[in-house]
Amino acid sequence: MDTSGVRWVHHAVYVSTVLLTAAAGVQLAARGDRALWRLLPVALPLAAIPWRSARSRGHVLLALSAAPAYAAALGSAGEG
């Protein structure tokens, strides 16, 4: 997604992702759902991404590295 013309959109997407991930984690923890353990690895890329230049390939790769954990958590949500 190219948001170079409106940087605030890029930041809003990041903040929304962090807040929604945190809310999902709290909900999974409250339910005692094991999907929380599959979502937990997302915290590392989300915490590290602000330290990489948004114009770098590393920024994109770091953001994409969270995708498997999101998919695993979605696939196992509600199982326990």
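Residues numbered from 1 in each chain as written. Predicted model: local features only at pLDDT ≥ 70, side-chain atom pairs only at ≥ 80, totals over all residues. Heavy atoms only, no water.

## Concerning the overall build of the protein
The secondary structure content of the protein amounts to five helices and zero strands. Along the protein, helices (α) and strands (β) appear in the sequence α-α-α-α-α when read from the amino end. Counting only C-alpha atoms and orienting by the principal axes, one finds that the protein spans roughly 45 × 20 × 20 Å. Residues counted as buried form 22% of the 80 residues belonging to the protein. A fraction of 60% describes how many contacts in the protein between residues 6 or more apart in sequence connect residues 24 or more apart. For the protein, the accessible area works out to roughly 5800 Å², and carbon and sulfur atoms hold 67% of it. (Helix = DSSP H or I, 4+ residues; strand = E, 2+ residues; numbered from the N terminus. Buried < 20%, exposed > 50% of the residue type's maximum accessible area, 1.4 Å probe, protein only. Contact = heavy atoms within 4.5 Å. Areas by Shrake-Rupley, 256 points an atom, 1.4 Å probe, with all protein chains shown as cover.)

## A few points about a nonpolar patch on the surface
A contiguous nonpolar patch, built from Val60, Leu61 and Leu64 and spanning about 280 Å² of accessible area, is present on the exposed surface. Checked against the element boundaries, Leu64 lands in helix 4 (residues 57-64). (Patch = residues over 30% accessible without salt bridge, like charges linked within 9 Å, V, L, I, M, F, W, Y side chains within 5 Å. Salt bridge = Lys/Arg side-chain N within 4 Å of Asp/Glu carboxyl O.)

## Topic: the side chain of Asp33
By the secondary structure assignment, Asp33 is in the loop between helix 1 (7-31) and helix 2 (35-39). Residue classification places Asp33 among the buried positions, given a relative accessible area of 4%. A polar contact of 2.9 Å, which involves the side chain of Asp33, links it to the backbone nitrogen of Ala35. (Polar contact = N/O pair within 3.5 Å; in protein donor to acceptor, adjacent residues only side chain to side chain.)

## Brief notes about the nonpolar core
In this structure, Leu28, Ala35, Leu36, Leu39, Val42, Leu46, Ala66, Ala69 and Ala73 together form the largest nonpolar core, which totals nine residues. Residue assignment for this core shows that the elements contributing at least two residues are helix 2 and helix 5 (67-76). A total of three residues in this core trace back to one element, the largest contributor, which is helix 2. Excluding anything up to four places from it in sequence, Leu46 contacts Tyr14, Thr17, Val18, Thr21 and Tyr70. (Core = buried A, V, L, I, M, F, W, Y, C linked by side-chain atoms within 4.5 Å.)

## A word on the side chain of His59
For His59, the location among the structural elements is in helix 4. Residue His59 is classed as buried on the basis of its relative accessible area of 11%. At 3.2 Å, the side chain of His59 and the backbone oxygen of Arg52 are in polar contact. Those residues in contact with His59 that lie beyond four places of it in its chain are His10, Ile49, Arg52, Ser53 and Ala54.

## Here we look at the confidence of the model for the protein
Summarising the model, the protein shows a mean pLDDT of 87, and 91% of its residues fall at 70 or more. Considering each helix and strand of the protein separately, the mean pLDDT is smallest for helix 5, with a value of 86, and largest for helix 3 (residues 43-48), with 93. (pLDDT = per-residue confidence, 0-100.)

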